[in-house]
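Okay, here's what each chain looks like letter by letter:
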Amino acid sequence: MNTIILSFDKIEGGSMKHYSKKLIARLNDNANQLRIDALRMIYERGAGHPGGCLSCSEIISALYFHYLKIDPQRPHWEDRDRFILSKGHASAILYAALARRGFFDIKELQTWGHPNSRLQGHPDRLRTPGIEMTTGTLGQGLSIASGIGLAARLLQQKWRIYILMGDGECQSGIVWEGAMMASKYCLSNITAIIDYNDVQLDGFCHEIMPLEPFIKKWQSFNFEVVEIDGHSVKEILQALDVTKEIHDRPSVIIAHTIKGKGVSFMENEAKWHGLAPDDEQYRQAITELKGEKNG
Ligand SMILES: Cc1ncc(C[n+]2csc(CCOP(=O)(O)OP(=O)(O)O)c2C)c(N)n1
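Residues numbered from 1 in each chain as written. Predicted model: local features only at pLDDT ≥ 70, side-chain atom pairs only at ≥ 80, totals over all residues. Heavy atoms only, no water.

Draft legend 1. Structural view of helix 3 (residues 57-67). In terms of burial, helix 3 is largely enclosed, as 10 of its 11 residues are buried. What helix 3 keeps buried is the set S57, E58, I59, I60, S61, A62, L63, Y64, F65 and Y67. (Buried < 20%, exposed > 50% of the residue type's maximum accessible area, 1.4 Å probe, protein only. Helix = DSSP H or I, 4+ residues; strand = E, 2+ residues; numbered from the N terminus.)

Have a look at this one:
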């Protein structure tokens, strides 16, 4: 039977690493900046996926500004951690993080989606420094991660593979094929993170194709399951720590999030899955984000 940590409250005060308020505040600021960057990109391009960018901002911030072992000067550094944005439609937030970490100039974000840009609507590993895997066709990330995880084991490499998936994405069968493989080979170097915002392309996941009992599903695939508030930087960091200490099976972090988080009129609205704001909506969104600091 797997250990299931249903809530981080239960392990507070245990052997959890302490993260300073200063670091957490910085990562929250970074998350907010990424939201602003991504919305600006979507607004200027007149297309993109705001809802699913805003729901994973803290996750991307925690990974890119603290957790991942990466070197922007050496995107192909052999010992780097690998990150796969399996929900590739949220590319704007990933490009923003890569730019802010120094993989390329911030100004290049303005070219996002242009025909000759290195930054295409969906991530392309052959074009963009820091993009580990070409994604956009949902569902493939975990299978790819499993292949990379197996390769790391065969090569006796210590780097880890992190993958971010959507909950709507988990309605695809291939996700569970990837889970079977990760489980068969006990790939403890894989941490999957699910952005569980309960909204997919045009409605609520729980109405269109319910995922529950989600924890039990992952448990039955022999994954270590950690469930957190996906907008709490502290819980994200601690969950990542927990999964690093699992040595006999893969892990999944189920991160409860709000689609469109931070912009009142976008929150929990499927309409904002793939829609760019108009002038007035953009102004309001940025005003809200500039006034907001998440706790
Ligand atoms: C295989 C495949 N089918 C359909 C789509 C179209 N599509 C793009 S985003 C999306 C919904 C994804 O929902 P979710 O995974 O929950 O993403 P999030 O809410 O985190 O943005 C769909 C169906 C796709 N990209 N790939």
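Draft legend 2. Representation of the pairing of strand 5 (residues 224-229) within the structure. Burial of strand 5 is extensive: 5 of the 6 residues sit out of reach of the surface. With 6 bridges connecting them, strand 5 and strand 6 (residues 251-256) associate as parallel partners. The residue bridging V225 from the neighbouring strand is V252, located in strand 6. Following the chain from strand 5 across helix 9 (residues 233-244) to the adjacent parallel strand 6, one finds a crossover that is right-handed. (Pairing = 2+ DSSP bridges. Right-handed = clockwise from strand over helix to strand, strands pointing away.)

Draft legend 3. Region of interest: the site of the ligand. Neighbouring the ligand are 17 residues; H89, G136, D167, G168 and K259 lie closest to it. At 2.7 Å from an oxygen atom of the ligand is found a side-chain nitrogen or oxygen belonging to D167. In the model, an oxygen atom of the ligand is placed 3.1 Å from a nitrogen or oxygen of the N197 side chain. Protein burial of the ligand: of its 600 Å² of free accessible surface, 74% is covered by the chains. Here the residues of the shell around the ligand sort into 3 nonpolar, 9 polar and 5 charged. (Near = heavy atom within 4 Å. Polar contact = N/O pair within 3.5 Å; in protein donor to acceptor, adjacent residues only side chain to side chain. Areas by Shrake-Rupley, 256 points an atom, 1.4 Å probe, with all protein chains shown as cover. Nonpolar A, V, L, I, M, F, W, Y, C, P; charged D, E, K, R; others polar.)

Draft legend 4. Fine view of unusual backbone geometry. Residue P213 is bonded to the preceding E212 through a cis peptide linkage, with omega at 0 degrees. Despite not being glycine, C186 shows a phi value in the positive range, around 50 degrees. By secondary structure assignment, the location of C186 is in the loop between helix 6 (173-184) and strand 4 (190-196). Of note, the phi angle at N222 is positive, near 65 degrees, even though the residue is not glycine. Here N222 lies in the loop between helix 8 (214-220) and strand 5. The class of N222 is partly exposed, set by a relative accessible area of 31%.

Draft legend 5. Quick look at the packing of aromatic side chains. Considering all chains together, one arrives at 10 aromatic pairs under this definition. Each ring, one from F214 and one from W218, has its centre 6.1 Å from the other, and the planes form 75 degrees; the classification is edge-to-face. Taken together, the residues span about one helical turn, with F214 and W218 both in helix 8 at a distance of 4 residues. For W218, a relative accessible area of 0% translates into the label buried. Through successive ring pairs, a cluster of aromatic residues spans W176, Y196, F214, W218, F221 and F223. Sitting above the plane of the W112 ring, R45 keeps its charged end 4.4 Å from the centroid. The positively charged end of R82 is found above the aromatic ring belonging to W159, 3.6 Å away from the centroid. (Phe/Tyr/Trp six-rings, centres within 6.5 Å; stacked < 30°, edge-to-face > 60°. Lys NZ or Arg CZ within 6 Å of the ring centre and 35° of its normal.)

Draft legend 6. Region of interest: the pattern of salt bridges. In the structure shown here, the tally under the stated rule is 12 salt bridges. Between R100 and D37 there is a salt bridge, with the nearest N and O atoms lying 2.7 Å from each other. Here R100, found in helix 4 (residues 91-101), pairs with D37, found in helix 1 (residues 21-45); they are 63 residues apart in sequence, far enough to count as distant. Of the residues examined, R100 reaches a relative accessible area of 38% and is grouped as partly exposed. Using a relative accessible area of 9% as the deciding quantity, one classes D37 as buried. For the salt bridge of K87 with D195, the shortest nitrogen-to-oxygen distance reads 2.8 Å. Separated by 108 residues along the polypeptide, K87 in the loop between strand 2 (82-85) and helix 4 and D195 in strand 4 bring together distant segments of the chain. By relative accessible area, which is 2% here, K87 ends up buried. Residue class for D195 comes out buried when judged on its relative accessible area of 0%. (Salt bridge = Lys/Arg side-chain N within 4 Å of Asp/Glu carboxyl O.)

Draft legend 7. Highlighting the packing of helix 5 (residues 141-154) against helix 6. At a minimum axis distance of 7 Å, the contact between helix 5 and helix 6 shows a crossing angle of 20 degrees. Our classification of the angle between helix 5 and helix 6 gives roughly parallel. As for how helix 5 packs across helix 6, the hand of that crossing is left-handed. Of the residues in helix 6, those touching helix 5 at L142, S143, S146, G147 and L150 are I174, V175, E177, G178, A179, M181 and A182. Among the residues making up the contact of helix 5 with helix 6, the classes are represented as 7 nonpolar, 4 polar and 1 charged. (Axes fitted to C-alpha atoms, helices over the stretch in contact; angles between N-to-C directions. Parallel < 35°, antiparallel > 145°, perpendicular 65-115°, else oblique. Left-handed = near helix turned anticlockwise from the far one by under 90°. Contact = heavy atoms within 4.5 Å.)

Draft legend 8. Just the environment of I254, in detail. Mapping I254 onto the fold places it in strand 6. Taking relative accessible area as the criterion, I254 reaches 1% and is therefore assigned buried. When the C-alpha positions of I254 and S188 are compared, they lie 16 Å apart, and in sequence the two are 66 residues distant. Sequence-distant contacts of I254, defined by excluding residues within four places in its chain, comprise I194, Y196, F214, I215, W218, V225, V226, E227 and I228.

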